[in-house]
Amino acid sequence: MEIFNKLSADWRGIKEIIPYGFGWEASRCIDKLIHDFSIPFIIDNSPSKEGTDYRGIPIYSWNRAKCFLEDRKIVITTRYRQYYKIAESLQAEGKSYGKDFCNIKEFIPEWYWNNKKECCLYTVDMTVSAKCNFKCKNCNMFMPYYKTDVRYTLEDLKDNVDQFFKVVDYVCYIGLIGGEPLLCSYISELIAYIKSRYSDKVGNFTIHTNGSILPSEQLVETIKEYDVTVAISDYGEESPCRDKMLYTIAFLQKHEIYPDVRASLEWRDVGFPQNPNDFSDEEMAEHMKACSADWRGVNDGIFYYCNIAWSAQKAGLAVLEPDDYLVLEDLSKEGEAGKEKLLKLSEGYFDKGYMSFCRKCGGCGVDNTKLVVPGIQLERE
């Protein structure tokens with residue numbers, strides 16, 4: 001049974017694509033695309049990139065590129081906000097989603113499975129520390145509310161990675177998250193381990209940090225050696241350590257590391273755990289679909305559709321149902337069938353149409369209009 005049908009039949013077997021967008025999102029996947037496809041040019045509308053090239057591939061603005069497009073397939077390689085703008089502009093030019101263009105996050109799993117039977121994911125997060133030096137009231141990983149003390153050894157994390165790559169053939173991007181991942185004292189060793197064993201299966205690493213902790217000298221060298229992205233969450237004036245964050249940014253730049261500072265974060269109150277939701281069975285499928293967050297997680301040798309749900313269970317705040325996740329060791333014994341199961345879960349295929357934790361979580365989709373100020377702290381005991 002084919003589990004993907006978002007792309008029209010003529011995407012099958014294509015050997016040439018046109019990436020649209022050459023920013024931070026494209027950096028996760030561009031080398032994989034160059035390896036597997038012919039790319040005559042890249043489209044990007046930034047004036048600073050017009051007329052430049054990447055690995056000999058010219059970069060054109062849309063106005064110039066559309067003269068050469070003909071019937072070539074476009075893969076949009078941008079973040080969601082830019083994606084929707086680009087998609088609207090392409091539709092205004094008479095092009096159709098699924099026929100003429102698609103999103104990289106949907107292209108990667110569908111094309112590689114349907115054409116090569118490879119289990120390729122666009123993104124997955126791995127929690128390296130369940131500790132945080134902030135106590136954000138609306139933390140969507142619920143770190144201030146943990147009822148249990150969770151600690152991982154380096155061997156725990158290595159085993160988690162090994163189990164993951166027994167099933168997954170390639171992942172464009174691994175997010176190393178927390179809590180605060182820089183509280184993991186062996187994050188450098190973990191990155192080096194993954195690169196030494198699975199360099200052909202990983203595109204990009206990104207460390208997601210609040211910027212309040214300076215990376216060690218060893219981590220700085222690791223970031224530079226393996227071209228790791230550092231994403232810093234800027235919580236604005238509510239940040240309890242804004243001066244430290246600004247110092248960390250300057251420190252990284254001094255070492256020729258240019259972090260991706262996210263200053264326009266939009267937080268939504270998911271309700272849980274203080275005021276959990278109670279969606280009805282009839283509401284659940286649409287609610288999960290509206291959320292559509294890219295929070296796949298691999299922790300404890302288990303693959304989760306929603307890393308938030310994993311954290312709620314790990315914190316001792318919720319109990320997930322067995323079909324909310326997949327045990328990687330079991331999947332690895334099933335060969336191709338196990339890979340198909342993982343892809344189905346990753347794409348949100350649930351027999352009942354939703355995962356159980358969606359009942360309690362307000363989610364991060366358009367149906368949750370409860371916006372909150374990022375970074376507001378709970379009072380410390």
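Conventions adopted
- Residues numbered from 1 in each chain as written.
- Predicted model: local features only at pLDDT ≥ 70, side-chain atom pairs only at ≥ 80, totals over all residues.
- Heavy atoms only, no water.
- Helix = DSSP H or I, 4+ residues; strand = E, 2+ residues; numbered from the N terminus.
- Buried < 20%, exposed > 50% of the residue type's maximum accessible area, 1.4 Å probe, protein only.
- Contact = heavy atoms within 4.5 Å.
- Areas by Shrake-Rupley, 256 points an atom, 1.4 Å probe, with all protein chains shown as cover.
- Lys, Arg positive; Asp, Glu negative; His and termini not counted.
- Charge placed at Lys NZ, Arg CZ, Asp CG, Glu CD.
- Expected span 1.5 Å × (residues − 1).
- Pairing = 2+ DSSP bridges.
- Right-handed = clockwise from strand over helix to strand, strands pointing away.
- Patch = residues over 30% accessible without salt bridge, like charges linked within 9 Å, V, L, I, M, F, W, Y side chains within 5 Å.
- Salt bridge = Lys/Arg side-chain N within 4 Å of Asp/Glu carboxyl O.
- Phe/Tyr/Trp six-rings, centres within 6.5 Å; stacked < 30°, edge-to-face > 60°.
- Lys NZ or Arg CZ within 6 Å of the ring centre and 35° of its normal.
- Core = buried A, V, L, I, M, F, W, Y, C linked by side-chain atoms within 4.5 Å.
- Axes fitted to C-alpha atoms, helices over the stretch in contact; angles between N-to-C directions.
- Parallel < 35°, antiparallel > 145°, perpendicular 65-115°, else oblique.
- Left-handed = near helix turned anticlockwise from the far one by under 90°.

Asker: Please clarify how the overall build of the protein should be interpreted in this entry.
Answerer: When helices and strands are counted, the protein shows 13 helices and 16 strands. Within the protein, the proportion of its 381 residues that are buried is 54%. Taking as baseline every contact in the protein between residues at least 6 positions apart, the subset at least 24 positions apart corresponds to 74%. In the structure as shown, the protein presents an accessible area of about 17800 Å², 47% of it carried by carbon and sulfur atoms. With 47 positive and 59 negative side-chain charges, the protein shows a separation of 1 Å between the mean positions of the two kinds.

Asker: Would you mind showing me how to read the environment of V261 here?
Answerer: Turning to its location among the elements, V261 is positioned in strand β11 (residues 260-262). Assessed through its relative accessible area of 31%, V261 is described here as partly exposed. Once residues lying within four places of it in the same chain are set aside, the contact partners of V261 are I232, D234 and I249.

Asker: Would you mind going over helix α6 (residues 154-165) with me for this structure?
Answerer: Turn by turn, an α-helix covers 3.6 residues, leaving residues three or four places apart pointing in a common direction. Relative to the 16 Å expected for 12 residues at 1.5 Å per residue, α6 spans 17 Å between its end C-alpha atoms, a close match to the ideal helical length. Counting buried positions over the 12 residues of α6 gives 9, a clear majority of the element. Where α6 is concerned, the buried positions are L154, L157, K158, N160, V161, D162, Q163, F164 and F165.

Asker: Whenever I open this one, the pairing of strand β10 (residues 229-233) confuses me. Can you help?
Answerer: Along any regular strand, the residues point their side chains to alternate faces of the sheet. Among the 5 residues that make up β10, 5 are buried, leaving the element largely enclosed by the rest of the structure. Side chains of β10 alternate between two faces, with T229, A231 and S233 and V230 and I232 buried alike. With 4 bridges joining them, strand β9 (residues 202-209) and β10 adopt parallel strand pairing. Residue pairing across strands places T206 opposite T229, the latter belonging to β10. With 3 bridges joining them, β10 and β11 adopt parallel strand pairing. Residue pairing in the sheet places S233 in a bridge with R262 of β11. For the handedness criterion, the β-α-β arrangement of β10, helix α9 (residues 242-254) and β11 is classed as right-handed.

Asker: Just checking my understanding: could you explain a negative patch on the surface for this structure?
Answerer: Among the surface-exposed residues, D156, D159, E329 and D330 lie close enough to one another that they form a single negatively charged patch. The set of elements that each furnish at least two residues to the negative patch consists of α6 and α12 (328-332). Secondary-structure assignment places D330 in helix α12. Taking the relative accessible area as the measure of exposure, D330 reaches 42% and is therefore partly exposed.

Asker: I tried to follow unusual backbone geometry on my own but got confused; where do I start?
Answerer: Comment: phi is negative for the bulk of residues other than glycine, and the bulk of peptide bonds are trans. Looking along the chain, the bond that leaves G178 and enters G179 is cis, with omega of 20 degrees. Of note, the amide linkage connecting F272 to P273 takes the cis form, showing an omega dihedral of 0 degrees. Examined against the element boundaries, P273 turns out to sit in the loop between β12 (267-268) and α10 (281-291). Despite not being glycine, K117 shows a phi value in the positive range, around 55 degrees. Along the chain, the position of K117 falls in the loop between α5 (104-116) and β7 (120-127). Given a relative accessible area of 35%, K117 falls into the partly exposed group.

Asker: Would you mind going over the packing of aromatic side chains with me for this structure?
Answerer: We describe a pair of aromatic rings using the distance from one ring centre to the other and the angle between the two ring planes. Taken as a whole and judged by the stated rule, the model has 23 aromatic pairs. Between Y60 and F68, the ring centres sit 5.8 Å apart and the planes meet at 45 degrees, which makes this aromatic pair tilted. Positioned above the aromatic ring of Y173 is the side chain of R28, whose terminal nitrogen or guanidinium carbon lies 3.4 Å from the ring centre. The side chain of K32 reaches across the aromatic face of Y170, ending 4.4 Å from its centre.

Asker: Would you mind going over the nonpolar core with me for this structure?
Answerer: For soluble globular proteins, nonpolar side chains are generally found buried alongside one another. Ranked by size, the top nonpolar core spans 85 residues in total, and within it F164, L342 and F357 carry the most contacts. With 6 residues, helix α7 (residues 187-198) is the single largest residue contributor to this core. Among residues more than four places away in sequence, those in contact with F164 are L121, V124, V171, V298, F303 and L328. The next biggest cluster of nonpolar side chains, apart from the first, holds 27 residues, and it includes F22, I39, Y122 and Y170.

Asker: Looking at this structure, I do not really get the environment of G338. What am I missing?
Answerer: Considering the arrangement of structural elements, one finds G338 in helix α13 (residues 336-346). Classification of G338 as buried rests on a relative accessible area of 0%. Taking C-alpha positions, G338 is 9.8 Å from V168, a pair spaced 170 residues apart along the chain. Beyond its immediate chain neighbours, meaning those up to four positions away, G338 contacts V167 and L331.

Asker: Just to check I follow, could you spell out the pairing of strand β4 (residues 57-60) for this structure?
Answerer: Where strand β2 (residues 42-43) meets β4, 2 bridges bridge the pair, whose relative direction is parallel. Paired with I42 across the bridge in β4 is I59. Taken together, the 2 bridges between strand β3 (residues 53-54) and β4 define a ladder with antiparallel strand orientation. In the sheet register, Y54 faces β4, and the bridge partner there is I57. Hairpin geometry of β3 and β4 is characterised by an intervening segment of 2 residues between the two adjacent antiparallel strands and by a positive phi of about 50 degrees at R55.

Asker: Please clarify how the packing of α6 against α7 should be interpreted in this entry.
Answerer: Describing two packed helices takes the angle between their axes plus the distance from one axis to the other. For the pair α6 and α7, interaxial distance at closest approach is 10 Å and the crossing angle is 30 degrees. Classed by the angle they form, the pair α6 and α7 counts as roughly parallel. The crossing of α6 and α7 is right-handed. From α6, L154, L157, K158, V161, D162 and F165 reach across to α7, where they touch E189, L190, Y193, I194, R197 and Y198.

As far as function goes, none of this settles anything; it's purely spatial.
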